[in-house]
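Coordinate inspection notes
The residues making up each chain are set out below.
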Amino acid sequence: LLRVMANQVDGPLAVSDAAKRAGLTVPGAHKALGRLIRAGFISRVGGGRKHLYEIQLSDRLMQIVLTLFQAEKDRHEQLISMIKTEINSLKQHPYAAWIHAPPKEIGEPLTLGLLHETRHLANCVQQLRARLNVVENDFDLTIEIEGHTKADIFDHTLDEVTVLYGVLPSTNRPARRHTTPMTHQEKNKRLEA
């Protein structure tokens with residue numbers, strides 16, 4: 001919640017807005033805001049029925065926290081930039097590349113999705129894997145790459161991903177006329193038609 005207030009808004013924020021941006025329930029956000037007020041990190045502003053909350057910029061500890069959040073943001077932007085550079089330098093450019101939901105725990109890998117033609121997919125994944133070794137070492141993290149073709153992209157949800165390259169295809173499933181599952185080869189033929 002504090003990170004959201006520091007990085008995503010430039011002024012006071014209502015409880016409902018804070019909850020939505022931080023992915024919390026309104027009661028959960030209200031409780032967290034109360035704790036942050038007692039700790040001196042934020043203050044309540046305004047009057048009447050609708051209370052707004054803002055960061056206490058004058059607090060010395062809050063200044064240190066803001067510096068930490070800015071360093072995190074800069075590091076994230078640098079990581080994304082380096083990954084994009086490596087994707088752009090591939091010999092056979094993929095149709096699309098994306099980051100699945102970011103890791104929730106320290107030590108979890110960052111998972112990239114790569115969309116390409118079947119004949120180029122394995123080589124593209126292998127090239128990118130080799131290129132990302134330096135990035136993994138520089139950022140002390142593990143990056144996993146999942147290769148996808150247009151035929152099997154329907155089997156994956158692409159909600160809440162961060163697109164790094166290209167355009168993601170629609171994941172709306174086509175209407176099925178038969179009850180037996182299609183093979184990978186049948187899916188490719190259907191997409192080529």
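The next point concerns the nonpolar core. Judged by nonpolar contacts, the single largest core of 20 residues is most densely connected at Ile83, Leu112, Leu128 and Leu132. Put simply, the parts of the chain that give this core at least two residues each are α4 (60-88), β4 (96-99), β5 (110-115), α5 (118-139) and β6 (143-148). The greatest single-element share of this core, amounting to 7 residues, is contributed by α5. Counting residues in each nonpolar core, the second largest holds 18 residues, with Leu2, Phe41, Ile55 and Leu66 among its members.

In this section: the sheet that holds strand β3 (residues 52-55). Read across the sheet, 3 strands follow the order β1-β3-β2 without closing on themselves; strand pairing throughout is antiparallel. For this open sheet the edge positions go to β1 (13-14) and β2 (42-45), each flanked by a neighbour on one side alone. Strand direction decides the pairing type here: β2 and β3, joined by 4 bridges, are antiparallel. Within the sheet, the bridge partner assigned to Arg44 lies in β3 and is Tyr53.

A separate point is the sheet that holds strand β7 (residues 162-166). One open sheet accounts for 4 strands, arranged β6-β5-β4-β7; its pairing is mixed. Looking at which strands have only one partner, the edges of the open sheet turn out to be β6 and β7. Within this sheet the neighbouring strands show an average axis-to-axis angle of 20 degrees, counted without direction. The pairing of β4 with β7 spans 4 bridges and is classified as antiparallel. Looking at the pairing, Ala97 lines up with Tyr165 of β7. Across the sheet, α5 is in contact with β5 and β6; its angle to β6 comes to roughly 165 degrees.

Next up on the list: helix α3 (residues 26-39). Here α3 is 14 residues long and its end C-alpha atoms lie 20 Å apart, about the 20 Å a rise of 1.5 Å per residue gives. Buried residues along α3 sit in contact with α1 (2-7), α2 (15-22), β2 and β3. A side-chain oxygen of the first residue of α3 lies 3.0 Å from the backbone nitrogen of Gly28; this N-cap is Thr25. Once α3 ends, the next one or two residues include Gly40, with phi positive near 90 degrees.

Our focus in this paragraph is the pairing of β5. A large share of β5 lies buried, amounting to 6 of its 6 residues. Here 4 bridges tie β4 to β5, and the two strands are oriented antiparallel to one another. What sits directly across from Trp98, in β5, is Gly113. Sheet topology places β5 next to β6; 6 bridges connect them, and they run parallel.

Taken together, the buried positions of α2 are Val15, Ala18 and Ala19. Buried residues along α2 cover an arc of 100 degrees about the axis, so they all sit on one side. If you follow the buried residues of α2, they end up packed against β1, α3 and β3. Of the residues one or two after α2, Gly23 is the one with positive phi, at around 75 degrees.

Each value, and the rule that gives it
Residues numbered from 1 in each chain as written. Predicted model: local features only at pLDDT ≥ 70, side-chain atom pairs only at ≥ 80, totals over all residues. Heavy atoms only, no water. Core = buried A, V, L, I, M, F, W, Y, C linked by side-chain atoms within 4.5 Å. Buried < 20%, exposed > 50% of the residue type's maximum accessible area, 1.4 Å probe, protein only. Helix = DSSP H or I, 4+ residues; strand = E, 2+ residues; numbered from the N terminus. Pairing = 2+ DSSP bridges. Axes fitted to C-alpha atoms, helices over the stretch in contact; angles between N-to-C directions. Contact = heavy atoms within 4.5 Å. Expected span 1.5 Å × (residues − 1). Polar contact = N/O pair within 3.5 Å; in protein donor to acceptor, adjacent residues only side chain to side chain. Arc of directions from axis to C-beta.

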